[in-house]
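Each chain, written out:
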Amino acid sequence: MKDILLNRRTIRKYSAEPIDDALLNEILNEGCRASTTGNMQVYSIIITRSKDKKEELAPLHFNQKMITEAPVVLTFCADFNRFNKWCLLRNAEPGYDNFLSFMTAAIDSLIVAQTVCIAAESRNLGICYLGTTTYMANKIIEVLKIPKGVVPVTTVTLGWPAEKPERVERLPLDAVIHNETYKDYTDESINSFYIGKEARSDSKQFVTENNKNTLAQVFTDVRYKKEDNVYFSKMLVQVLKDQGFMNQ
Ligand SMILES: Cc1cc2nc3c(=O)[nH]c(=O)nc-3n(C[C@H](O)[C@H](O)[C@H](O)COP(=O)(O)O)c2cc1C
């Protein structure tokens, strides 16, 4: 297990080999053993295998090719719909139409997603998360016929690897660990934690290709721009309202 975690990398190219139902079920069954708030399991996982559905989803994931090339696409949803229905059938009044409950269900969904990923990677399958799910949740809801009380929070593509990319480095452990209380960063510590990442040749290439002066500018001005963040943030808040999670 230690090596699986240390040697993993995101896989974005997959072979044509399918993933059979029995294997996928095993992986999902193991994933669903993950911890879940109050054992409520306030999540759902939508499996997409058909070419047609993948093609409908592709533009909503900004045409990232993994969607159509992976044999299996999993959309993980924060889901109080099933739990609410159970409560109502059992003479119990659900109080889950608020932002806290959305967060609870989103946390449950992400924990199950990551556990499914580890179960898959432990069998040498490759995975790629797609962050586009929260950008285009409103349209994904339409394509996957998702009802009120449910919000897609992340997507994972799954398949047999057809590439072995370089392992992507991480910040030093010291950069992300705080002992007992949060130790805020100084200019010096930021410099020392990021210098390794900035010195990598692929980072330098990224800066040049994007006509920027620093790696941070590639993030702020190109990859994750404020105007996009604000635009998609407004759309997501509207989705939360429409799906019944914003009773404050
Ligand atoms: C929530 C989340 C969303 C992500 N979204 C995308 C995505 O839309 N497209 C993509 O190619 N990779 C995506 N990734 C993968 C990251 O780019 C990748 O994990 C990161 O660069 C580190 O690489 P590694 O997983 O190979 O170590 C996402 C990862 C996470 C956790």
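Below is a summary of the structure that appears in this document. Not measured: the values here are computed from a predicted model.

Thresholds, definitions, all that
- Residues numbered from 1 in each chain as written.
- Predicted model: local features only at pLDDT ≥ 70, side-chain atom pairs only at ≥ 80, totals over all residues.
- Heavy atoms only, no water.
- Pairing = 2+ DSSP bridges.
- Helix = DSSP H or I, 4+ residues; strand = E, 2+ residues; numbered from the N terminus.
- Axes fitted to C-alpha atoms, helices over the stretch in contact; angles between N-to-C directions.
- Salt bridge = Lys/Arg side-chain N within 4 Å of Asp/Glu carboxyl O.
- Buried < 20%, exposed > 50% of the residue type's maximum accessible area, 1.4 Å probe, protein only.
- 1 Å grid on protein atoms, 1.4 Å probe; cavity = no way out; pocket = protein on both sides within 12 Å on 5 of 7 lines; lining within 4 Å.
- Points joined across faces, edges and corners; volume = space filled by probe spheres on them.
- Phe/Tyr/Trp six-rings, centres within 6.5 Å; stacked < 30°, edge-to-face > 60°.

1. Details of the sheet that holds strand S1 (residues 43-48)
Each strand in a sheet pairs with another by means of backbone hydrogen bonds, the pair being arranged parallel or else antiparallel. Strand order in the open sheet formed by four strands is S1-S2-S4-S3, and the pairing between neighbours is antiparallel. The open sheet has two edge strands with one neighbour each: S1 and strand S3 (126-130). Neighbouring strand axes in the sheet, compared pairwise and without regard to direction, differ in orientation by 25 degrees on average. By the bridge criterion, five bridges tie S3 to strand S4 (residues 150-159) in an arrangement that is antiparallel. Bridge pairing links Ile127 to Leu158 in S4.

2. Some points on the pattern of salt bridges
All told, the structure shown has nine salt bridges when counted by the stated rule. A salt bridge links Arg8 to Glu121, with the nearest nitrogen and oxygen atoms 3.0 Å apart. Taken as a pair, Arg8 in the loop between helix H1 (2-7) and helix H2 (21-31) and Glu121 in helix H6 (residues 99-121) lie far apart in primary sequence, 113 residues in all. Residue classification places Arg8 among the partly exposed residues on the basis of a relative accessible area of 23%. The exposure class assigned to Glu121 is buried, which follows from its relative accessible area of 10%. A salt bridge links Arg49 to Asp21; its shortest N-O distance comes to 3.1 Å. Highlighted residues: Arg49 in the loop between S1 and helix H3 (51-57) and Asp21 in helix H2, separated in sequence by 28 residues. Accessibility expressed as a relative area gives 29% for Arg49, which makes it partly exposed. Residue classification places Asp21 among the exposed positions, given a relative accessible area of 52%. A single salt-bridge network, built from bridges that share partners, covers Glu26, Glu30 and Arg123.

3. Some words on the environment of Leu5
Within the secondary structure layout, Leu5 lies in helix H1. What makes Leu5 partly exposed here is its relative accessible area of 44%. With 117 residues separating them along the chain, Leu5 and Ser122 place their C-alpha atoms 8.7 Å apart.

4. Section: the layout of surface pockets
Over the atoms rolls a probe the size of a water molecule, and in doing so it shows where empty space is left. The computed volume of the largest pocket comes to approximately 1,500 Å³. Around the largest pocket sit 37 residues that line it, and Thr10, Arg12, Val168, Arg170 and Arg223 are the ones nearest its centre. Sorting the residues of the lining of the largest pocket by element identifies H1, S3, helix H7 (132-135), helix H11 (201-209) and helix H12 (215-223) as the ones contributing at least two each. Among the elements that make up the lining of the largest pocket, the one with the highest residue count is H11 (five residues).

5. Describing the packing of aromatic side chains
Here a ring pair, both rings aromatic, is described through the centre-centre distance and the interplanar angle of the planes. Tallied over the entire structure, the rule returns 13 aromatic pairs. Ring geometry for Phe83 and Trp86: centres 5.4 Å apart, planes at 55 degrees, overall tilted. Of this pair, Phe83 and Trp86 are both found in helix H5 (residues 81-89), three residues apart, which corresponds to roughly one turn of the helix. The class of Phe83 is buried, set by a relative accessible area of 15%.

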